[in-house]
Structure formats: structure tokens, C-alpha cells
Amino acid sequence: MTHAAIEITADLVRDLLLEHHPDLAGLAVREVPGGWGNQMWRLGDELAVRMQRMDTTPELQLKERRWLPVLAPRLPLPVPVPVRFGEPSERFPKHWTVMTWVPGEPLDHGAISRGAHAADTLAGFLRALHVEAPAEAPIATDRGAHPRNCTDGFEHFFQAVACDDIAADVRAVWDDAVAAHAWQGPPVWVHGDLHPANVVVADGTLSGIVDFGDMCAGDPAWDLAAAWVLLPAGSAARFFATYAQADEAAIRRARGLAAMKSLFLMLMGQNGDRGLPGGKPHWGPAGRAALDRVLQGV
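Here the structure is a predicted model, which means the values were calculated and not measured.

Draft legend 1. Representation of the overall build of the protein in the model. When helices and strands are tallied, the protein shows 10 helices and 10 strands. In terms of overall dimensions, the protein is globule-like: its C-alpha atoms have a radius of gyration of 19 Å, near the 19 Å expected for 298 residues. If one aligns the C-alpha atoms of the protein with their principal axes, the spans along those axes are about 55 × 40 × 35 Å. Of all 298 residues assigned to the protein, the portion counted as buried reaches 53%.

Draft legend 2. Looking closely at helix α10 (residues 283-296). Spanning 14 residues, α10 covers 20 Å between terminal C-alpha atoms, matching the ideal 20 Å at 1.5 Å per step. Among the residues of α10, W283, G284, G287, A290, L291, R293 and V294 are the ones counted as buried. Against α5 (167-179), α7 (226-229) and α9 (248-273) lie the buried residues of α10. Remark: G297 follows α10 within two positions and exhibits a positive phi of approximately 80°.

Draft legend 3. Inspection of the sheet that holds strand β4 (residues 82-86) at higher detail. In spatial order, the strands read β1-β2-β3-β5-β4; together these five strands make up an open sheet with antiparallel pairing. Bordering the open sheet on either side are β1 (29-32) and β4, each of which pairs with just one other strand. Each adjacent strand pair in this sheet contributes to an overall mean axis angle of 25°, direction not counted. Across the sheet, helix α1 (residues 10-20) lies against β1, β2 (38-43), β3 (47-52) and β5 (96-100), angled at about 90° from β5, the strand it touches most.

Draft legend 4. Layout of the nonpolar core. Judged by nonpolar contacts, the single largest core of 69 residues is most densely connected at F125, L126, W228, F239 and L263. It is α9 that contributes the most residues to this core, 12 residues altogether. What L126 contacts, discounting residues up to four positions off in sequence, is L194, D223, L224, F239 and Y243. If you look at the next biggest cluster of nonpolar residues, it comprises 17 residues, including L12, V13, M51 and F92.

Draft legend 5. Molecular detail of unusual backbone geometry. Positive phi outside glycine occurs at D211, with the angle close to 55°. Along the chain, D211 turns up in the loop between β9 (205-209) and β10 (216-218).

Draft legend 6. A look at the environment of E132. Looking at the element boundaries, E132 is found in the loop between α3 (115-129) and α4 (151-160). Judged by relative accessible area, which is 56%, E132 ranks as exposed. In this structure, the C-alpha to C-alpha distance between E132 and V188, residues 56 residues apart in sequence, is 4.2 Å. For E132, the contacting residues outside a window of four places in its chain are P186, P187, V188 and W189.

Draft legend 7. Looking closely at the sheet that holds β9. Read from one edge of the open sheet, three strands run β6-β8-β9, paired in antiparallel fashion. Where the open sheet ends on each side, the last strands, each with one partner, are β6 (105-106) and β9. In the sheet, β6 pairs with strand β8 (residues 199-202) via two bridges, with the strands oriented antiparallel. Looking at β8, one finds that P106 is bridged to V200.

Draft legend 8. Highlighting the pattern of salt bridges. What the rule picks out here adds up to 14 salt bridges. The closest approach of N and O atoms between E87 and R65, which form a salt bridge, is 2.9 Å. Here E87 is found in the loop between β4 and β5, whereas its partner R65 is found in helix α2 (residues 59-71), with 22 residues between them in sequence. Salt bridges sharing partners connect three or more residues here, namely R50, E64 and D211.

Draft legend 9. A look at the side chain of S89. Relative to the elements of secondary structure, S89 occurs in the loop between β4 and β5. Relative accessible area serves as the criterion here: at 19%, S89 is assigned to the buried category. Every residue in contact with S89, bar those within four places of it in the chain, is listed here: L16 and H20.

Conventions we followed
- Residues numbered from 1 in each chain as written.
- Predicted model: local features only at pLDDT ≥ 70, side-chain atom pairs only at ≥ 80, totals over all residues.
- Heavy atoms only, no water.
- Helix = DSSP H or I, 4+ residues; strand = E, 2+ residues; numbered from the N terminus.
- Rg over C-alpha atoms; globule rule 2.2 N^0.38 Å.
- Buried < 20%, exposed > 50% of the residue type's maximum accessible area, 1.4 Å probe, protein only.
- Expected span 1.5 Å × (residues − 1).
- Contact = heavy atoms within 4.5 Å.
- Pairing = 2+ DSSP bridges.
- Axes fitted to C-alpha atoms, helices over the stretch in contact; angles between N-to-C directions.
- Core = buried A, V, L, I, M, F, W, Y, C linked by side-chain atoms within 4.5 Å.
- Salt bridge = Lys/Arg side-chain N within 4 Å of Asp/Glu carboxyl O.

Okay, here's the thing in C-alpha cells:
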């Protein structure tokens with residue numbers, strides 16, 4: 001059995017805790033549905049164990065270990081904070097991390113009914129996150145850059161997803177983003193992967209942000225795309241008014257990136273419909289709804 005194919009079970013998680021953190025081993029262990037690169041297990045009421053599964057390197061977990069304790073204290077929403085570490089061993093040859101649990105329901109299984117509140121909440125969170133990153137902050141090769149550097153990714157999603165009825169409009173949004181001026185400020189912290197499975201909701205609004213494995217220093221437009229990807233129709237204008245730090249070029253870049261992210265969600269849904277590994281059937285409708293919001297503009 002290859003490392004990638006190792007079956008992660010509750011017994012394995014409990015054995016690892018007994019070996020490395022015996023004071024936590026008595027807590028209840030329950031699998032959290034979803035997850036691809038990493039598998040999550042609820043540990044008691046306040047913790048979770050993040051197990052490296054399909055990720056080929058531990059880089060994303062190590063990044064969260066290094067930087068989330070730095071960022072979390074200044075963020076206005078709960079985020080997972082690493083509290084204990086597990087290193088590769090004979091029992092499990094990959095990394096695992098015990099983190100604080102962020103309560104709520106993932107948005108891809110929930111809904112936002114309080115659009116204005118969610119827009120203000122997301123804007124406040126991103127204002128707090130989008131501060132100048134230190135020189136040693138991670139730089140991503142596939143996130144945080146100008147849309148013009150992501151054309152291959154856009155084309156892949158665009159060609160793979162059947163959206164003939166709106167193809168010309170989607171292409172126009174992307175081309176406009178590529179033509180927009182680049183980010184003029186210093187690289188800021190960005191989450192980098194804000195989509196419905198990486199935020200949690202409660203009481204009809206955003207209640208937490210999870211999965212910071214793609215965080216990096218770069219263009220804030222990567223996160224501003226969430227105005228369309230996450231929020232209900234008609235919420236983008238309020239979001240940008242509350243955020244109050246995005247110029248016209250940033251909004252244009254963000255809108256193009258939102259189109260690309262929406263196409264990605266649609267492709268994941270398509271893969272799920274075909275039974276392909278990692279596919280998420282329910283992401284398809286969410287992606288198409290997000291793309292419709294993108295075409296509505298601000």
C-alpha cells in the first residue's frame with residue numbers, strides 16, 4: 001500500500017495520539033466528511049486532527065503551523081490554530097496536526113440568509129488579514145499573482161466546463177481582469193482559497209474561515225473574489241463599500257478571478273457527476289450560481 005493510499009481510521013488517529021499526545025487520547029474521535037489533500041477528525045468538542053492524505057508534500061500543513069498562530073490573534077473571525085504536532089513515523093509516514101475546531105457548518109452544505117451581515121463580516125475579516133506580509137512570508141506560484149499569470153488555469157477550466165450560453169460574457173470578464181492594472185502596494189497576506197468548503201456559517205452568516213494551506217503574500221484581489229464566490233446575489237456592492245480598500249483595477253482583477261474560481265467549482269461538480277476521485281457533485285450548482293453573480297457585476 002502506498003503512503004497516499006494508507007487508510008486513516010479512528011483507531012489510527014487514537015493510536016497516534018496515545019503515542020505522541022497521550023493527554024488527548026481519551027477524547028472522542030469522529031471523522032469529518034469531506035477533505036481531499038488532508039482528512040479531518042473531530043477531537044472532543046474543541047479540537048480537530050488534520051491528517052495529511054493526498055497532499056504530496058507537508059508544505060501546506062507546515063505553513064499553517066508556522067503562520068496561523070501569528071495571524072489568528074488579529075483576525076475577527078475564528079480560524080483553526082495549531083496546538084500540537086505529529087511528525088512522520090513508522091505508524092503513519094506523514095504529518096498531522098492537532099488544531100482548534102472552528103464551529104459552524106461548511107457553506108457548501110449550508111447557506112447565507114443574512115447577506116448584508118455576511119458581506120460586512122467578510123469585508124472586516126479581509127481588511128484585518130490584508131496587511132503587509134513580512135519578507136519571509138510564503139510566495140505561491142499558482143496564487144496571489146496577477147490574473148494574466150493564470151491564463152493557462154483559466155483556459156483549462158473554461159474549456160472543460162460546458163457554459164456555451166454565457167461563454168462570451170465569461171471570456172469578456174476574464175479579459176478585462178487580465179487588462180487591469182497590477183496591484184501597486186506591497187504583497188499582503190491572502191488566504192488564497194476562499195470557496196464554499198473553506199468557510200463556515202452559523203445563524204445565516206459567516207462564522208469562521210478554515211483551510212489556510214494556500215495562504216501566501218500577494219494581490220488581495222485573490223480574496224476579494226469571494227464577494228461573488230461566497231456571498232448571495234446583490235451583496236458585492238455592500239462588501240466592497242465596507243472593505244473600502246479596493247480600487248477599480250482591484251475589483252476588475254477580483255471579478256476575473258471569481259470567474260475562474262466559479263469555473264473550478266463547476267468542474268469539480270462535473271467530476272463528481274462522473275464519479276471521478278475528488279469530485280463534488282453539489283459544487284456544480286454552487287459554481288454556476290457564483291458565475292451568474294460574477295456576470296451581474298458589482
